[in-house]
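Coordinate inspection notes
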Amino acid sequence: MDGEELTAQQTALYDRQIRVWGVDAQKRLSKAQILVSGLNGTSVEFCKNIVLAGVGSLTLMDDRLVTEDALQANFLIPRDETVYSGRSLSELCCESLRDFNPMVRVLAEKGDLAQCEMEFLDKFDVVVVTGCSLKTKIEINEKCRKRAKRIAFYAIECRDSCGEIFVDLQNYTYAQKKSDGTAECHLSYPSLEDAILIPWRNLPRKVSKLYFAMRVIEKFELSEGRNPGELSNFDLPAVLKQRKELCDAQSLNESHVPETLLERILVAGPMLYPPVCPILGGILGQEVIKAISGKGDPLKNFFYFDAADGKGVIEDISNPSSI
Amino acid sequence: MDSDSKTEAIKRAKVLMVGAGGIGCELLKTLALSGFQDIHIIDMDTIEVSNLNRQFLFRQSHVGQSKAKVARDVVLRFMPRICITPYHANVKDPEFNVDFFKKFNVILNGLDNLDARRHVNRLCLAAEVPLVESGTTGFLGQVTVHIKGRTECYECQPKPTPKTYPVCTITSTPSKFVHCIVWAKDLLFAKLFGDRNQENDLFVHTGDGSDSVKPTDDIFERGLDEVPVQYGRKIYDHVFGYNIEVALANEETWKNRRRPRPIFLGDVLPEKLILQNGNLEKNCLTEDLSLSAMSSLGLNNPQEIWSLAENSRLFLEALRLFIERRGKDIGSLTFDKDDQLAIEFVTAAANIRASSFGIPLHSLFDAKGIAGNIVHAVATTNAIIAGLIVIEAIKVLEADFQNCRMTYCLEHPCQKMLLMPVEPFEANKSCYVCSETPLLLEVNTQTSTLRDFVDKIVKNKLGMSFPLIMQGAILIFEGGDDLEEDIAANYALNLDKVLTALPAPVTSGSMLTVEDLQQELSCHINIKHRSLLMLASETFSTCNVASSKLQEGGV
């Protein structure tokens, strides 16, 4: 790759990872501009990973004031009210993350990404959203797709001990490693809206039950106007009703969306199972590094993890004919 | 178990983390966030610059300080109300004995070497404390659970030789031949023939953070009128002579280590031979990977261990052939084990370095076998593995043993999975560590010395630190620093005797008991004499612990 060489400081700090992914990948990383909207246990893990990896800049958006709940699974903010009281999540996380790697510009941006001007997105190569409604995710995803430059879009959500990552790299070309050298490989990703519109009967066999559970919960939150995770086990009857409606409409047996799984998510509400955060944040970090560096097969297009069975599964939910 | 009793189990737990490095930093943070209140952490290392890209608790200003202590301080800043006890010490220190291990509900390993992992495994077995073991290499990683009586122990399956080494061991303080190989291949070879822009640790010395390193880079530029032999001599004298002299100046490094010997070409080869080297006969092979310095020097047997002088000639000749015959490759070469000339160069360089550090030399055949890759770690894999460790640790604390899993973190999906859980394996009934099954050692008792037995079998293969060796009730050998002088002298006398000549002769059919009191490990070894085997010194090679059989030679 052409362009400036890495500085001596960069090569010293990144020595170990350059040995893993090479100098070219490191150079691309150091020019990448990342936006994260929504700060929670999972997204701060991701932030830590890419700041350590040495991206060009990381911009954080989350104007919420710090509360006891927001501190959950967040290691960037000291448990000290005199420090965090009255300050926003993005501001506090920004301060801590800067410390992790002085070579990365970490910025806090005020405002709501869903309301931002389209041009604002042009500053970024990667946009990660979490902790917002399905509607907002779809809107931001669509905005990213409308820009002239390709902006990689990721949505990540954690519920109890389960997690979901959605990836949209639009039309993505990379050098795929083969036993006899490399071959150019093209992947075509659907938008979030198109992906979840794919009829359930057209989905791959044995698709993760979490895919259905997340759609049911999402739909319930949307119809009730709830914030993500604003749930409790009192919602179970209504959620089961939602499940029945969805399953009937999609001609899917309700057993594919186990009640125990839904109940688990409802009982946890906004609480995350902390060890799941580094797992989801780690996978997302790896995917973003792959997408920026053009090295390695990227995930297409959903990833699921559930601590209950310990499986971390990739689901390809894209219907070529429908895109 | 409901979530309240889970929270309670976590709160009550006392856990020991071994290692505060790549996995350790992630693990300590995740334990703290998960509600653990009483965490002990052992690590003997201090923080280095090259740690900072993934060991996120550490900053530039912490370089040189104890990893365990800094990790504690930094985590307490965001979680001030928990208790973290750091130990800046080696887990093999006697203070961390079985009684110490018994104080914990679970042990969590984030180690980087086989030796310490085996040691912790044995203490966990002796103390009957569950162990959650982990490791990462690049994008790969795994977490395994070891519970005495329920699963296999860490040593039930033979482990491949570790493939990664601390950089300072490679650059400054090699103690094994493989360290010399890694130096020759990844540093010297890469510097001379690879991409010059790649960062290279060739001249990094521990305890010397200054940039006094850079100017020496020019030494590798070949002057226009510099003939290959002159150039080769310059490189030789620089890396094997001058650099060792520089390293020797740092007295601190050699306090508890054997001092290396600088080697200059003029001391090894007569002037005439240096100039004639390789010009004796023309190498008429075409330019390809079969170009060989050995054959042009008349060194024909790759199984043979060549002398320092022979290795020095091989070094010069391989370098000459690269320059004269493969000049177009220089600057873009990467080490390839199928590249004959590259293997020859690396073998020669590794052997000269080994000679300098008093490490036994090896044949080209062996050197080729040893040449492996350094694979380094990245933050993301360590984070994922730390999350998986905590998930398993919590299951152990809840006594939810049937749901414990070994998990593999993969680079490419397998059956759609990037994280693949597998049920833990059952214990290997003939594992010499967690079962009572005796081992069988086939050895030439008339040529093998007690020293061979102690160093190569007991310490190296069985991983014991301070062994005690008995035949019946008779004590044959005892290791350790606290022995009486006359007793130690007595053992020293025995060390160089062959097994059959010991005061209590060890012959075919003898049974030896080998114990390590600190590890509380004891095993029996049945001796079988095999006279057809070659001289013992270099031939203890394979040890198949899975079949409980230690074999000698056999190639």
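Residues numbered from 1 in each chain as written. Chains lettered and ligands numbered in written order. Predicted model: local features only at pLDDT ≥ 70, side-chain atom pairs only at ≥ 80, totals over all residues.

Heads up, the condition is: UniProt positions are given in the numbering used here, feature names are shortened, and annotations may be inferred rather than shown by experiment.
An unreviewed UniProt entry lists chain B under the name SUMO-activating enzyme subunit, from Musa acuminata subsp. malaccensis. According to UniProt, the comment filed for chain B under the heading Sequence similarities (unreviewed entry) is "Belongs to the ubiquitin-activating E1 family."

Heading Sequence similarities (unreviewed entry) of the UniProt record for chain A holds this comment: "Belongs to the ubiquitin-activating E1 family."

A word on the overall build of chain B
Our working rule: Each helix is a run of H or I in the DSSP string that is no shorter than four residues. Each strand is a run of E no shorter than two, and both are numbered from the N terminus. Three exposure classes are used, based on other C-beta atoms lying within 10 Å of a residue's own C-beta, which is placed from the backbone: buried for 20 or more, exposed for 12 or fewer, and partly exposed in between. Our contact criterion uses C-beta atoms placed from the backbone: two residues qualify when those atoms are within 7 Å.
When helices and strands are counted, chain B shows 18 helices and 15 strands. Taking all 555 residues of chain B together, the buried fraction comes to 45%. For chain B, the proportion of contacts with a sequence separation of at least 24, taken over those separated by at least 6, is 69%.

Description of the packing of helix 8 (residues 228-248) of chain B against helix 13 (residues 308-325) of chain B
Residues and elements named next belong to chain B. Our working definition: Under this scheme, a helix contributes an axis fitted over its contacting stretch, all axes are lines through C-alpha atoms, and angles between N-to-C directions fall in the 0 to 180 degree range. Note on angle classes: values under 35 degrees are labelled roughly parallel, values over 145 roughly antiparallel, values of 65 to 115 roughly perpendicular, and the remainder oblique. Two helices crossing with the near one rotated counterclockwise from the far one by less than a right angle form a left-handed crossing, whereas a clockwise rotation gives a right-handed crossing.
Packing of helix 8 against helix 13 brings their axes to within 9 Å, and their N-to-C directions diverge by 130°. As summarised for this structure, helix 8 and helix 13 are arranged oblique, according to the angle between their axes. Our pair here, helix 8 against helix 13, has a crossing hand that is right-handed. Residues P228, V229, G232 and Y236 of helix 8 lie in contact with helix 13, whose contacting residues are F315, L316, L319, R320, I323 and E324.

Examining the domain arrangement of chain A
Residues and elements named next belong to chain A. We count it as follows: Where a domain begins and ends is set by an automatic assignment or by a domain database. Any residue outside Ala, Val, Leu, Ile, Met, Phe, Trp, Tyr, Cys, Pro, Asp, Glu, Lys and Arg is labelled polar, Gly included; the first ten of those are nonpolar and the last four are charged.
Entries for chain A in the domain assignment read domain 1 (8-191 + 273-315) and domain 2 (194-268). Computed from C-alpha atoms alone, the centre-to-centre distance between domain 1 and domain 2 is 26 Å. With 18 residues of domain 1 at the contact, the number on the domain 2 side is 17 residues. Listing elements by their share of the side of domain 1 that touches domain 2, those giving two or more residues are helix 6 (134-146), strand 5 (152-159), strand 6 (162-168), strand 9 (302-306) and strand 10 (311-315). Considering every element that reaches the side of domain 1 that touches domain 2, the biggest residue donor is strand 9, with three residues. Class assignment for the residues of the side of domain 1 that touches domain 2 results in seven nonpolar, four polar and seven charged.

Quick look at the domain arrangement of chain B
Residue and element names in this part refer to chain B. The assigned domain composition of chain B is domain 1 (3-161 + 377-422), domain 2 (167-370) and domain 3 (439-550). Top contributing element to the side of domain 1 that touches domain 3 by residue count: helix 5 (residues 114-127), with six residues. Here the side of domain 1 that touches domain 3 is composed, by residue class, of five nonpolar, three polar and five charged.

As for the environment of C409(B)
Residue and element names in this part refer to chain B. Relative to the assigned elements, C409 resides in strand 7 (residues 406-414). A count of 26 C-beta atoms within 10 Å places C409 in the buried class. Separated by 310 residues in the primary sequence, C409 and D99 have C-alpha atoms spaced 34 Å apart. Sequence-distant contacts of C409, defined by excluding residues within four places in its chain, comprise L140, G141, Q142, T381, I384, I385 and L419.

So, helix 5 (residues 89-100) of chain A
Residue and element names in this part refer to chain A. Our working rule: A helix is expected to span 1.5 Å multiplied by its residue count minus one.
Here helix 5 is twelve residues long and its end C-alpha atoms lie 17 Å apart, about the 16 Å a rise of 1.5 Å per residue gives. Looking only at helix 5, the buried set comprises L89, S90, L92, C93, C94, S96, L97 and F100. Contacts made by the buried residues of helix 5 are with helix 3 (41-53), strand 2 (57-61), helix 4 (81-84) and strand 3 (105-108).

Quick notes on helix 10 (residues 259-268) of chain A
All names here are of chain A. Listing the buried residues of helix 10 in full gives L261, L262, R264, I265, L266 and A268. Residues of helix 10 that are buried make contact with strand 5, strand 6, helix 8 (209-224) and helix 9 (236-249). With its phi angle positive at about 55°, G269 sits one or two positions after the end of helix 10.

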